[in-house]
Amino acid sequence: MCRFAHKACLQHATDRLVFLIAVAAQAKGAAVSKLLPDSPGRPAADPSRDGVQAFDWLYHFVTALELAPAVAVHSMDRAGIIRFWNHASEELYGIPSGDAVGRAFRDLVFHLDRQSEFEDVIATIWRTGQAPQASDWLVQSMTGRRHWVYSCHYPVKHDDVMHEVFCMEIDITARKEAETNLEQAAQVFQNARDAIIMMDAEYRVRAVNDAFTAITGHAPEQIIGQPLASLGWGVDDDFYQRIWTGLEGADHWEGELASARSNGQRYPVRVTLTAIRDAHGDVSSYMAMLSDISERKRIEEQVRHQAEHDALTGLPNRILFLDRLHQALATWRRQGSCCAVMFLDLDKFKAVNDTYGHQAGDIVLREVALRVRACVRQVDTISRLGGDEFVVLLADIKGADQAAHVALAVTQAVALPIDIGGQEVTLSASIGIALCPDDGADVDTLLHHADVAMYHAKQNGRGSFQFFSPAMNAHVIERVELENRLRQALDGKEFMLQYQPAIEVATGRVTSVEALLRWRHPQRGLLLPHEFLPVAEDSGLIIPIGEWVLRAACQRARAWRHAGAAVAVAVNLSDAQLEHDGLLPAIDAALDSAGLPPAALELEIAEDALIRGEPAFADTALALRARGVRLSIDRFGTGLSSLEALRRFPLTTVKIDRSYVGDVGHDPVDAAMVPAIIAVARSLQLRVVGEGVETAEQLDFLRRHGCDDYQGFYASAASTRPNLSPHRAWYMRP
């Protein structure tokens, strides 16, 4: 910083101040010529006294410039060398005066990417002698400080000759940052995706952004100057009053509204209102932000729908169904209105999946869902519980008659053929119905009783509906107990086999024996198959029980062979076993374990399996015949088997049902049917067995018409006669 001695530096100071006063005069527009020696218009005075006064005035002026706290003042000569550097310049740039004076300004302060422009401005001042327009510069000093300055440059002349360029600068970094923040805020305001509305203290709109028009469809001029309530959100004045009251207490309110666009379209909007206070704490304005939440609501609805509906059929799932059943029961408690629960199960649906594939099964389930939906009202609820099980809630019905009407319509609709890729499939449905309050007044009881009734509908021939009754429930309880006891029977070795011989009609020789399953029940005694096998089949226990029968029968056949009686053993197979993937491995394991040749095993298949003719069964039958295992069709004539079915499957034996054999003596139709069956079997090179032979007359009838073997009470008695093989008595042993 320049320091002046009182008199030794008088001449130097006078020269310096001439320039400085000239600058001040140009900057302020003041006439300073009267302060200079020999200036025109100066009154005559004592020169020595005037000089001292001028010196004092100039001294104080320079000191003021030097110590000015806000304005950085510096000057440079034609070479760009600093000649003056006040205290504010030191503070601004962080460079002491002693380090600045005498050095080039461009070495002290850099104008960054506008350095060339700055140098052009200084060169223009020297060339023209004119002060340029003040401007803003982003500069960085040699100390690394970076800030914005507002710079004014003035040429300093003496006797019309430029000697220096004088500069006054103000630090405007804070202002620039504020401008930047304001500019960014304006950008955010205009480019925000949410609509922003600025209001005054009276809730009149003063400004809106672009998103406001995009969301609401209202142009700015349509809303500016209007109260916020003019947007037409479809709410009453009390609603707005509640919002304003909330704002007064908390300065903030937010919530969801149903708004309307300019074209009248309704849409959901999330509104946030905020009060803005001034420095005195008074509310000066309000800001509202509007978010169009249509897409969010759509996604929420989609997620909720997925959580509450079956993905395959689009029907309500168990969660939603239970919720609506709770609501129906609550309505019944308040109003006394009746409701009903219907359990629906598709009969033999598994065969569709096994035959045509799961994709075809999905087509069937979707079609069934559509048909059931068409049979009920909009207030009713249909749900898919899983697999091929559906449940229907009939809300607010008049009684059992209305429920029966719906159930009948559903069974008829489901029974219509369903097209799956050009092939028609026909199914039936078994339906169980429980009424509220007669059959239960809570969710669990109603569902359980409807399930019980559905089970009885299946037991009674399928393709029908049943209402719940206490007797049904007792039967189901008994069935559950029987199922649990069956599980223990295998481990407890309570099963046994009895054997019924098949005797050759012509020779009286035993050709095979049929293994008959019996259960030694601890409390009920010896149970026959019809008393427990249906439960075993429904529960899936028939698979392990059937495997035990195969092993035990093969072991017994081996024992007979070792004793000299090389006869085949026949084992009945259930539908569930035929459809089970483990059948072939189980047969192979039983034969290997017993060391029995495949030809010594005969598997008896019910006629209805032949009627269905599922591909899976056909493949299994071919695999068994390839092994050498014999196959027979049991109880032939009770179903509707076709000759084509007999020809297509690799059978070895046909067993005529006992209902035909028992009536051959007095029923001419049966007397005609038996020879016809024998003739068909002969034409297909199949062995024929007559079942249920109890008299010599029946045996004689079979002999006369060429039947190969016979079974029944008469055959069992014959197998123990002394004139037959000594091993015959073994065939009835377990």
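### Thoughts on the pairing of strand β5 (residues 146-158)
A regular strand carries its side chains on alternate faces of the sheet.
Piece 1. Relative to β5, strand β4 (residues 135-141) runs antiparallel, the two sharing six bridges. The partner of Ser-135 across the bridge, within β5, is Ser-151.
Piece 2. The turn joining β4 and β5, which pair antiparallel and follow one another in sequence, is formed by four residues; a positive phi near 100° is taken by Gly-144.
Piece 3. Sheet topology places β5 next to strand β6 (residues 161-171); 10 bridges connect them, and they run antiparallel. Considered in β6, the bridge of His-153 is made with Cys-167.

### A look at the sheet that holds strand β8 (residues 205-208)
Piece 1. Read across the sheet, five strands follow the order β8-β7-β11-β10-β9 without closing on themselves; strand pairing throughout is antiparallel. A strand with exactly one partner marks an edge of an open sheet, and here the two such strands are β8 and β9 (252-260). Between one strand and the next, the sheet's axes are offset by a mean angle of 25°, whatever the strand orientation.
Piece 2. In terms of strand pairing, strand β10 (residues 266-277) meets strand β11 (residues 283-292) through nine bridges, oriented antiparallel. Bridge pairing in β11 links Arg-277 to Val-283.

### Let's talk about the nonpolar core
Piece 1. Core analysis: the biggest nonpolar cluster contains 71 residues, and Leu-486, Leu-601 and Leu-603 have the highest contact counts within it.
Piece 2. Among the elements that make up this core, the one with the highest residue count is helix α19 (residues 542-562) (nine residues).
Piece 3. Judged by nonpolar contacts, the second largest core, of 34 residues, contains Leu-346, Ala-403, Val-406 and Ile-431.

### Let's talk about the environment of Gly-463
Piece 1. In this structure, Gly-463 sits in the loop between α16 (443-459) and β18 (465-467).
Piece 2. For the pair formed by Gly-463 and Leu-346, sequence separation is 117 residues and the distance between their alpha carbons is 8.5 Å.
Piece 3. Sequence-distant contacts of Gly-463, that is, excluding residues within four places in its chain, are made with Asp-347, Ser-428, Ala-429 and Ser-430.

### Focus on the pattern of salt bridges
Piece 1. As enumerated under the stated definition, the model contains 40 salt bridges in all.
Piece 2. The partner of Glu-119 in a salt bridge is Arg-106, with the nearest N and O atoms 2.7 Å apart. Of this pair, Glu-119 sits in helix α6 (residues 115-128) while Arg-106 is found in helix α5 (residues 105-108), placing the two residues 13 residues apart along the sequence.
Piece 3. Glu-119 gets classed as partly exposed once you look at its relative accessible area, which sits at 28%.
Piece 4. The partner of Lys-297 in a salt bridge is Glu-256, and the shortest N-O contact between them spans 2.9 Å. Of this pair, Lys-297 sits in helix α11 (residues 294-308) while Glu-256 sits in strand β9, and the two are 41 residues apart along the sequence.
Piece 5. Residues joined by salt bridges that share partners form a network here, namely Glu-254, Glu-256, Arg-270, Arg-296, Lys-297 and Glu-300.

### Section: the sheet that holds strand β2 (residues 82-85)
Piece 1. What the six strands build is an open sheet, ordered β2-β1-β6-β5-β4-β3; its pairing is antiparallel. Of all strands in the sheet, those bounded by a partner on one side alone are β2 and β3 (109-110).
Piece 2. Across the sheet, α6 touches β1 (72-76), β3, β4, β5 and β6, and the angle it forms with β6 is around 140°.
Piece 3. Lying on the sheet, helix α7 (residues 173-191) is in contact with β4, β5 and β6; it crosses β5 at an angle near 130°.

### Details of helix α26 (residues 668-683)
Piece 1. Its 16 residues place the ends of α26 23 Å apart at the C-alpha level, agreeing with the 22 Å of an ideal helix rising 1.5 Å per residue.
Piece 2. At its buried positions, α26 is contacted by β24 (630-636), β25 (653-656), α25 (658-661), β26 (687-690) and α27 (696-704).
Piece 3. Just beyond α26, the residue with positive phi is Gln-685, at close to 60°.

Cut-off values and rules
Residues numbered from 1 in each chain as written. Predicted model: local features only at pLDDT ≥ 70, side-chain atom pairs only at ≥ 80, totals over all residues. Heavy atoms only, no water. Pairing = 2+ DSSP bridges. Helix = DSSP H or I, 4+ residues; strand = E, 2+ residues; numbered from the N terminus. Axes fitted to C-alpha atoms, helices over the stretch in contact; angles between N-to-C directions. Core = buried A, V, L, I, M, F, W, Y, C linked by side-chain atoms within 4.5 Å. Buried < 20%, exposed > 50% of the residue type's maximum accessible area, 1.4 Å probe, protein only. Contact = heavy atoms within 4.5 Å. Salt bridge = Lys/Arg side-chain N within 4 Å of Asp/Glu carboxyl O. Expected span 1.5 Å × (residues − 1).

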